[in-house]
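Each chain is listed here by its residues.
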Number of protein chains: 2
Amino acid sequence: MSSNPPAIVAESPPPPLSRRELNKTATRQAITRAAMELIRTRGVGNFTVEDIADAAGVSRRTFFNYYASTEAAIGNITHEFLEVALQQFRLRPRDEPVIVSAKEAMMALADPMAVAPVAELFTLMQQNHQLARPELEAWDHCTGQIIEAARERMRGGTDGQIDELYLRALSGSVISCGRAAMDVWFSRCGPDLSEASMATLRQLMIDSLDLLASGFATSS
Amino acid sequence: MSSNPPAIVAESPPPPLSRRELNKTATRQAITRAAMELIRTRGVGNFTVEDIADAAGVSRRTFFNYYASTEAAIGNITHEFLEVALQQFRLRPRDEPVIVSAKEAMMALADPMAVAPVAELFTLMQQNHQLARPELEAWDHCTGQIIEAARERMRGGTDGQIDELYLRALSGSVISCGRAAMDVWFSRCGPDLSEASMATLRQLMIDSLDLLASGFATSS
DNA sequence: TACACTATGTGCAAGTTTGCACTCCGGGCA
DNA sequence: TGCCCGGAGTGCAAACTTGCACATAGTGTA
């Protein structure tokens, strides 16, 4: 009821998502899913970009409007998965420690709907290791995003290069912990999406970040 | 096995259906289905064009790019249904009697996939009779198409107005027989899509056209 | 009656997808 | 080696979709 001007907080601008955004997202997803399906049924390298486009219901040209290559399309799976966490991270209060924010953000990833595509990718990766490259890039891109998001928080702190190193080291570590949690989770649970499995994933994320927060001190 | 040059028959130009055609058809169907769903769940008149567009995943403007009104969208259900038969009709040999061609063409309609939407429309029509108008228009449009298709066959026959009357009376009657078959079928079988029901529909179509061909002579 | 409000329908400019015509590149083959 | 071919990418114009502004019509209300 206050007539105050909009408070300057980490306001989540709830974008009503225009029809245009919606359509683009749908197209992007259609392409990604078609690519996955083809990998599943024919195996990596046994289909063309045109096959993906056809299966996705778009033209070859449109495929290239979205992705520079098949690899890039595959990378989108992990990219979208991480984007969920990124979104959560950006919503956390500015004064919260980055590690805590990261922990909270990662909780959103321990969701069957969210992990399912990545889990399948992990499975396929067992067979064909070259699928790992686009995944790697997605994690790297996420690191870059975390860096930017974290940098936003450190307005007014000490200036200079020390902050930059802190920022990057921390962000990189956080991402590494998340990745480690995912890797261990998959090696333990496989493509299992049960609640028990999700609980395991959550705990692994918490543990890895706790390790990070504690400076990886041994308990002995 | 003959090496004859392509016979000059009612050649069906097998259109590979461009991506553009495919997309347009998909959009048209999405709108139609969304409209049906809304009629089903909210009832006729309890939703706006915008609701349909949203449900169909397109903008309001796009809705109007396809249909002039909600009614027109509903009409498309019957329209598409009849289009199937029309297509078959056009494929029949030029020298075959129109009634025989019509009989053959109608056989394609006795297919669960094809009748399903129309059957549902019939069901909804029980409740709200104003749904009948767009359906009527679809049948009428089909008559016009049959007239054109039949006219094509009568090149070189006698000229003058007699042919035109014959053409129109015949075409109109054929359509009426088809419509009668559908009506009786639904009143007998309801929305039943079983093979037995389809057989009934087929027989009704055959019978109605036989009646027409026999000049509606009574057997006694 | 006058006014506010909601829904239909349309014109237009800007954004997106598509078809097509290239260019490049790598593998098979005479 | 030189040629052919199929797939990857790209530029561009045409076709399609969208957002927005505006005109119109029906409804409820002061």
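Please read these numbers as outputs of a predicted model, since none were measured by experiment.

1. What about the overall build of chain A?
Counting its secondary structure elements, chain A contains nine helices and zero strands. Each helix and strand of chain A, ordered N terminal to C terminal, gives the series α-α-α-α-α-α-α-α-α. Split into buried and exposed, the 220 residues of chain A put 36% on the buried side. Within chain A, contacts between residues at least 6 apart in sequence are counted, and of these 67% link residues at least 24 apart. Carbon and sulfur atoms make up 55% of the accessible area of chain A, which totals about 12600 Å².

2. Section: the relation of the copies chain A and chain B
Think of it as a corkscrew move, a rotation about one axis and a shift along it, taking one chain copy to the other. Note on the identical chains: chain A maps onto chain B by a rotation of 180° and an axial translation of 0.0 Å, with an RMSD of 0.1 Å. A rotation of that kind, with that shift, is consistent with a two-fold axis. Within chain A, the C-alpha atom positioned nearest to the axis of rotation is that of N23 of chain A, 6.5 Å from it. A share of 100% of the interface residues of chain A reappears at the interface of chain B, consistent with the copies meeting face to face through the same patch.

3. Focus: the protein's contact with DNA strand D
The environment of DNA strand D is formed by 22 residues, the closest being R19, N23 and R61 of chain A together with T62 and Y66 of chain B. Counted by atom, the contact set of DNA strand D within 4 Å of the protein is 58% sugar and phosphate. Of all the secondary-structure elements, those providing two or more residues to the surface near DNA strand D are α1 (19–42) and α3 (60–66) of chain A together with α1 (19–42) and α3 (60–66) of chain B. Per-element accounting of the surface near DNA strand D gives the leading share, five residues, to α3 of chain B.

4. As for the protein's contact with DNA strand C
In the vicinity of DNA strand C, 22 residues are found, and the nearest of them are T62 and Y66 of chain A together with R19, N23 and R61 of chain B. The separation between a phosphate oxygen of DNA strand C and a polar main-chain atom of R19 of chain B is 2.8 Å. In this structure, V49 of chain B approaches DNA strand C through a main-chain N or O atom, which is 2.8 Å from a phosphate oxygen. Contributions of two or more residues to the surface near DNA strand C are made by α1 and α3 of chain A together with α1 and α3 of chain B. In terms of residue count, α3 of chain A provides more of the surface near DNA strand C than any other element does, five residues in total. Each residue belonging to the surface near DNA strand C can be placed in one class, and the counts come to five nonpolar, nine polar and eight charged.

5. Re the interface of chain A and chain B
Between chain A and chain B, the residue contacts involve six residues of the former and six residues of the latter. Of the roughly 370 Å² buried at the junction of chain A and chain B (both faces included), carbon and sulfur atoms supply 41%. Of all residues in chain A, R19, D54 and G57 of chain A bury the most surface against chain B, accounting for 80% of the area lost on that side. There are zero salt bridges connecting chain A and chain B. Along the contact surface separating chain A from chain B lie two residue pairs in polar contact (both at pLDDT 80 or more).

6. Structural notes on the packing of helix α4 (residues 70–91) of chain B against helix α5 (residues 98–107) of chain B
All names here are of chain B. At a minimum axis separation of 8 Å, α4 and α5 run at an interaxial angle of 135°. Considered as vectors, α4 and α5 are oriented oblique to each other. In this structure, α4 meets α5 at a crossing whose hand is right-handed. Each of A85, Q88 and F89 in α4 lies in contact with α5, whose residues at this interface are V98, S101, A102 and A105. Of the residues in the contact of α4 with α5, the class split is five nonpolar, two polar and no charged.

7. Observations regarding the packing of aromatic side chains
Scanning the entire structure with this criterion turns up eight aromatic pairs over all chains. An angle of 55° between the planes, with centres 6.1 Å apart, marks the rings of F63 of chain A and Y67 of chain A as tilted. Across the pair, exposure class does not vary: F63 of chain A and Y67 of chain A are buried alike. Between F63 of chain B and F64 of chain B, the ring centres sit 5.3 Å apart and the planes meet at 85°, which makes this aromatic pair edge-to-face. Judged by its relative accessible area of 0%, F63 of chain B is buried. Taken together through their ring pairs, the aromatic side chains of F63, F64 and Y67 of chain A make up a single cluster. For R153 of chain A, the ring lying beneath its charged end belongs to F89 of chain A, and the centroid distance is 4.8 Å.

8. Side note on the environment of D192 of chain A
Residue and element names in this part refer to chain A. Tracing the chain through its elements places D192 in the loop between α8 (161–189) and α9 (195–213). Distance in space between the C-alpha atoms of D192 and A119 is 8.2 Å, their sequence separation being 73 residues. Those residues in contact with D192, other than ones at most four positions away along the chain, are W185, S197 and M198. One polar contact links the side chain of D192 to the main-chain amide nitrogen of S194, over a distance of 2.8 Å.

9. A short note on the pattern of salt bridges
Using the criterion set out here, one finds 20 salt bridges over all chains in the structure. Through salt bridges with shared partners, a single network forms among E37, R40 and E120 of chain A.

10. Some remarks on the environment of R133 of chain B
Residue and element names in this part refer to chain B. Along the chain, R133 falls in helix α7 (residues 132–153). Among the residues examined, R133 registers a relative accessible area of 47% and is labelled partly exposed. The spatial distance from the C-alpha of R133 to the C-alpha of G75 is 8.1 Å, given a sequence separation of 58 residues.

How each quantity is defined
Residues numbered from 1 in each chain as written. Chains lettered and ligands numbered in written order. Predicted model: local features only at pLDDT ≥ 70, side-chain atom pairs only at ≥ 80, totals over all residues. Heavy atoms only, no water. Helix = DSSP H or I, 4+ residues; strand = E, 2+ residues; numbered from the N terminus. Buried < 20%, exposed > 50% of the residue type's maximum accessible area, 1.4 Å probe, protein only. Contact = heavy atoms within 4.5 Å. Areas by Shrake-Rupley, 256 points an atom, 1.4 Å probe, with all protein chains shown as cover. Least-squares fit on C-alpha atoms with pLDDT ≥ 70 in both. Near = heavy atom within 4 Å. Polar contact = N/O pair within 3.5 Å; in protein donor to acceptor, adjacent residues only side chain to side chain. Nonpolar A, V, L, I, M, F, W, Y, C, P; charged D, E, K, R; others polar. Buried area = accessible area lost by both parts, 1.4 Å probe. Salt bridge = Lys/Arg side-chain N within 4 Å of Asp/Glu carboxyl O. Axes fitted to C-alpha atoms, helices over the stretch in contact; angles between N-to-C directions. Parallel < 35°, antiparallel > 145°, perpendicular 65-115°, else oblique. Left-handed = near helix turned anticlockwise from the far one by under 90°. Phe/Tyr/Trp six-rings, centres within 6.5 Å; stacked < 30°, edge-to-face > 60°. Lys NZ or Arg CZ within 6 Å of the ring centre and 35° of its normal.

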